[in-house]
Amino acid sequence: LQPVLPNVVQLGVPVSIDTMKPEVALWAVGLGVSIVNDVWGLQREPNMARVISDHGVPVIIMHNRYKADPTINIIADINAFFSHSIDLAARAGIASDAMVLDPGIGFGKTPEQSMLAIAKLDTFKHFGLPLMVGASRKRFIEAVSPSGPTERLGGSVAAHVMAYLNGAAIIRTHDVAETVQALRVAAALRNSQ
């Protein structure tokens, strides 16, 4: 990461770093990274929110769990997690227009819970923040259609189109061209009604 990141930042496009460690976020922001994606939604390390606030960069608040629990109501769990994370962010001085919510597809969730998080994504709109979904090549696709990670393009695109239709403002994907095409067609179809 160390020899690569400065070169990527120099390309002049926004760069996001995924981390749960404040020292990594501080280092990356110092190199010019413009977004911090905290894979534990500001809840794992107490100094993370302060680092983000002090440097005025946006944060992606991702839901996570230590392990999947098929017995819980995952939508209620994500809602409670987001509420707590938003409170931590606000107390640290992070502006609401600098927050994005990510339900953390595949992180501490069963395949069924990951699918439910996409299907019920619009239930998180009440926070008034942009929603991001990264379902690209995730394991839940294999649960529906047996496939290896590089064989999940169709499932990834389907999940991302559903996420868009359910309120996602940002899609995170490996297969950019195919996903962009699918989302443009989905938007055109939706707008032609």
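Coordinates for the structure precede this section.
Residues numbered from 1 in each chain as written. Predicted model: local features only at pLDDT ≥ 70, side-chain atom pairs only at ≥ 80, totals over all residues. Heavy atoms only, no water.

Caption draft 1: Region of interest: the overall build of the chain. Looking only at helices and strands, the chain features eight helices and six strands. Seen in sequence order, the chain has helices and strands lined up from the N terminus as α-β-α-β-α-β-α-β-α-β-α-α-β-α. Computed over C-alpha atoms, the radius of gyration of the chain comes to 17 Å, within 12% of the 16 Å expected from 2.2 N^0.38 for 193 residues, which places it in the range of a compact globule. Across its three principal directions, the C-alpha atoms of the chain cover 45 × 40 × 35 Å. (Helix = DSSP H or I, 4+ residues; strand = E, 2+ residues; numbered from the N terminus. Rg over C-alpha atoms; globule rule 2.2 N^0.38 Å.)

Caption draft 2: Looking closely at the environment of Phe107. In this structure, Phe107 sits in the loop between β4 (99–102) and α5 (111–119). A residue is classified by how much of its surface remains accessible, and Phe107, at 32% relative accessible area, is partly exposed. Sequence spacing of Phe107 and Asn64 is 43 residues, and the spatial spacing of their C-alpha atoms is 5.4 Å. Apart from the residues within four sequence positions on either side, Phe107 is in contact with Met62, His63, Asn64, Arg65 and Lys138. (Buried < 20%, exposed > 50% of the residue type's maximum accessible area, 1.4 Å probe, protein only. Contact = heavy atoms within 4.5 Å.)

Caption draft 3: Expanded view of the environment of Arg190. With respect to the element layout, Arg190 can be found in helix α8 (residues 176–191). Separated by 134 residues in sequence, Arg190 and Gly56 place their C-alpha atoms 36 Å apart.

Caption draft 4: Inspection of the packing of helix α4 (residues 74–92) against α5 at higher detail. At a minimum axis separation of 9 Å, α4 and α5 run at an interaxial angle of 65°. On the basis of the axis angle, α4 is roughly perpendicular to α5. As α4 runs across α5, the sense of the crossing is right-handed. Taking contact as the criterion, the partners of Ile74, Ile75 and Ile78 in α4 are, on α5, Gln113, Leu116 and Ala117. Partitioning the contact of α4 with α5 into residue classes produces five nonpolar, one polar and no charged. (Axes fitted to C-alpha atoms, helices over the stretch in contact; angles between N-to-C directions. Parallel < 35°, antiparallel > 145°, perpendicular 65-115°, else oblique. Left-handed = near helix turned anticlockwise from the far one by under 90°. Nonpolar A, V, L, I, M, F, W, Y, C, P; charged D, E, K, R; others polar.)

Caption draft 5: Structural context of the pairing of strand β1 (residues 16–19). Residues Ile17 and Thr19 of β1 are buried on one face, while the alternating residues Ser16 and Asp18, pointing to the opposite face, are not. As paired elements, β1 and strand β2 (residues 35–38) share four bridges and run parallel to each other. Across the sheet, Asp18 pairs through a bridge with Asn37, a residue of β2. For the crossover that starts at β1, traverses helix α2 (residues 22–31) and ends in the parallel β2, the hand is right-handed. (Pairing = 2+ DSSP bridges. Right-handed = clockwise from strand over helix to strand, strands pointing away.)

Caption draft 6: Here's a closer look at the nonpolar core. Leu42 and Ile94 are the most contacted members of the largest nonpolar core, which totals 43 residues. Excluding anything up to four places from it in sequence, Leu42 contacts Met48, Ala49, Ile52, Val59, Ile61, Ser85, Leu88, Ala89 and Ile94. Core analysis: the next-biggest nonpolar cluster, separate from the first, contains five residues, Val157, Val161, Ala182 and Leu183 among them. (Core = buried A, V, L, I, M, F, W, Y, C linked by side-chain atoms within 4.5 Å.)

Caption draft 7: Structural context of the pattern of salt bridges. What the rule picks out here adds up to six salt bridges. Asp54 is the partner of Arg50 in a salt bridge, and the nearest nitrogen-oxygen pair spans 3.9 Å. A residue pair is termed a helical-turn pair when its members lie 3 or 4 positions apart in one helix, as Arg50 and Asp54 do in helix α3 (residues 48–55) at four residues. Assessed through its relative accessible area of 54%, Asp54 is described here as exposed. (Salt bridge = Lys/Arg side-chain N within 4 Å of Asp/Glu carboxyl O.)

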